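Tertiary structure, described
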Amino acid sequence: MKSPRSYTGFIAPILAAMFCASTTFAASAKETAHEVKAAELDTLGMEISAVEQAAIASAIQSARKISKAAHALNSPRYGDQYRRDAHAKATGCVRADFEINGDIPPRFRHSIFSEPGRSYRAWIRFSNGDMQVQPDGKGDARGMAVKVMKTPGTPIAPELADTVSTNQDFIMTNMPAFFNRNIFDYADNMQYLAKMDRGGWFMGIWPPRLHPIETLRAYQTVSSTINNPLDAQYFSMLPYRLGNTPVKFSTRPCPGSRYPVTVPQNNDNFLTEQMADTLNTGSACFEFMLQPKIAGASEADMPLDDGTVIWQQSQSPFIPVARVHIPPQEFSGEAQQAFCENLSMNPWRGVGEWEPLGSLNRARRLVYNAVSQFRHQRNDTPRTEPGNWCLDRGDQACDESQGLRIRKPRWPLPRCFDEHFRPEDGSEISSQCEGYGAVKY
């Protein structure tokens, strides 16, 4: 068991796990010098109690200091660009198809899942969790954020709706639980983080404090290592309501998927290189799954407002409802990297009968939107929602095959013969396929 002091190192990426609120909620469109007060919050029509509003206001106040620290850490080496304060390093943004299964249970046929068999275009941002850009080999949370485009239905958060397209975001990390239970834990933790005391909230002598479950979750989060972003399972961590059913969601590689290690893993960016090598000639596939809350399950087993609790699969297995197909493609160009940095994700970007649940999710609606506004304003870039796979390249025309690696067979097809072939009339013939014998007879 590590000593309390030694925990300060592994708590460093605490902002990273998934809750981007950690740092730049600080910044709405303009920073102000006066203290943030609960009465100043725009709750966007949500029913948020006075104590929750006070907790969020406290987190905003703390986050302003952390936001500046995150930029100071990243800008000397990676340019004067405001990155996300959590999940700052993208390992790649890729094009994908989000394909709804044709046989999903009726209770799940709501929101984006209301039309079995339908397929949507999507973008996926894979990332490391820390607020600081660091080598891929360092233990960290790993993120998978899926933006499904042109989804039919009424937006659940009008402030996130785009005039061009209505999209739905699914935000996940490779950990099934968070290291704070609710918004109150989170706000208290932020007060320590604002002073760069990264492990202070988890355990300390004065005031006396010990959060063993939260400390375990933090350790699990920041000690994670992977070989390939395409070969990990990702989780929503927090619950949502689909129709009348509370659910968590997850993605895992499709059965039979194999992604061998083909690049050296001592490079700072080996996750990007490995994913690029995998998608150079092959595709990738994830199952998208829902885990319903069991009727009558206790709050201890399946709570709606405790992010540290893992809903056990022995009680409620994940049920596949869609597939995410990632075709062979190239994604490391400058235009696509810039697009990846400007992309915004929000768990409240959704349609129809879909609702993020719990106090952390209520806070995230306010937080993520403010983070995105702040980052785009500081970088002087417009905030827009994509509606297709095309990237803006000025006057250059675009089609849906942009970026994909499409290989067409030669036509007419080559004639291949093995070395034992002999024409009956004794005429000369040659194999046109390498490996089938190039010797003429």
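Among the 9 residues of strand E9 (residues 245–253), 7 are classified as buried, and the element is accordingly described as predominantly covered. Summarising the sheet, strand E7 (residues 234–235) and E9 pair through 2 bridges and their orientation is antiparallel. Its bridge partner being in E9, phenylalanine 235 is matched across the sheet by serine 250. Between the end of strand E8 (residues 240–242) and the start of E9, which pair antiparallel, lie 2 residues, with glycine 243 showing a positive phi angle near 65 degrees. Relative to strand E10 (residues 284–292), E9 runs antiparallel, the two being bridged by 7 bridges. Residue pairing across strands places arginine 252 opposite glutamate 287, the latter belonging to E10.

Moving on, we get to the pairing of strand E1 (residues 89–100). For E1, a buried count of 11 out of 12 residues is recorded, marking the element as mostly surrounded by other parts of the structure. Examined bridge by bridge, E1 and strand E2 (residues 119–128) share 10 bridges and lie antiparallel to one another. Within the sheet, the bridge partner assigned to lysine 89 lies in E2 and is asparagine 128. The sheet contact formed by E1 and strand E11 (residues 319–326) spans 4 bridges and is antiparallel. Each residue of the ladder has a partner; that of glutamate 99, found in E11, is arginine 323.

With that settled, consider helix H4 (residues 183–193). Along H4, 8 of the 11 residues are buried, which leaves the element largely enclosed by surrounding structure. Regarding H4, the residues found buried are Ile183, Asp185, Tyr186, Ala187, Asn189, Met190, Tyr192 and Leu193. The backbone nitrogen of phenylalanine 184 has a side-chain oxygen 3.1 Å away, supplied by the residue at the start of H4, namely asparagine 182.

For the structure shown, the criterion picks out 15 salt bridges. Notably, a salt bridge pairs aspartate 97 with arginine 121, separated by 2.6 Å at the nearest N-O pair. In this pair, aspartate 97 is assigned in strand E1 and arginine 121 in strand E2, connecting sequence segments 24 residues apart. For aspartate 97, a relative accessible area of 11% puts it in the buried group. Residue arginine 121 is classed as partly exposed on the basis of its relative accessible area of 33%. Each member of the salt-bridge network shares a partner with another, and the members are Lys147, Asp169, Arg349 and Glu385.

The subject of this paragraph is the state of the cysteines. Two cysteines form a disulfide when their sulfur atoms are joined by a covalent bond. Going through the model one piece at a time under the given rule, you end up with 2 disulfides. In this model, cysteine 93 is linked to cysteine 340 through a disulfide, with the two sulfur atoms separated by 2.1 Å. When the S-S torsion is 70 degrees, as for the bridge of cysteine 93 with cysteine 340, the disulfide is right-handed. Here cysteine 340 lies in helix H7 (residues 334–342) and cysteine 93 lies in strand E1, a separation of 247 residues in the sequence. Neither cysteine 93 nor cysteine 340 differs from the other in exposure class; each is buried. At a sulfur-sulfur separation of 1.9 Å, the disulfide partner of cysteine 254 is cysteine 285.

In this fold, alanine 300 is placed in the loop between E10 and E11. We classify alanine 300 as exposed; its relative accessible area is 63%. Along the backbone, alanine 300 and tryptophan 311 are 11 residues apart, and their C-alpha atoms lie at a distance of 9.7 Å.

Summarising the element assignment, glutamine 265 is placed in the loop between E9 and helix H6 (270–281). Taking the relative accessible area as the measure of exposure, glutamine 265 reaches 34% and is therefore partly exposed. C-alpha of glutamine 265 to C-alpha of glycine 137: the two residues are 128 residues apart in sequence and 7.2 Å apart in space.

In the predicted model, the protein carries a mean pLDDT of 84, and the fraction of residues at 70 or more is 88%. A low-confidence stretch, residues 1–34 (pLDDT under 50), is modelled with 115 contacts involving residues beyond four sequence positions or located in other chains. Across residues 437–441, where pLDDT falls below 50, the model places 13 contacts with residues more than four positions away in sequence or in other chains.

About the thresholds
Residues numbered from 1 in each chain as written. Predicted model: local features only at pLDDT ≥ 70, side-chain atom pairs only at ≥ 80, totals over all residues. Heavy atoms only, no water. Buried < 20%, exposed > 50% of the residue type's maximum accessible area, 1.4 Å probe, protein only. Helix = DSSP H or I, 4+ residues; strand = E, 2+ residues; numbered from the N terminus. Pairing = 2+ DSSP bridges. Polar contact = N/O pair within 3.5 Å; in protein donor to acceptor, adjacent residues only side chain to side chain. Salt bridge = Lys/Arg side-chain N within 4 Å of Asp/Glu carboxyl O. Disulfide = S-S within 2.5 Å. pLDDT = per-residue confidence, 0-100. Contact = heavy atoms within 4.5 Å.

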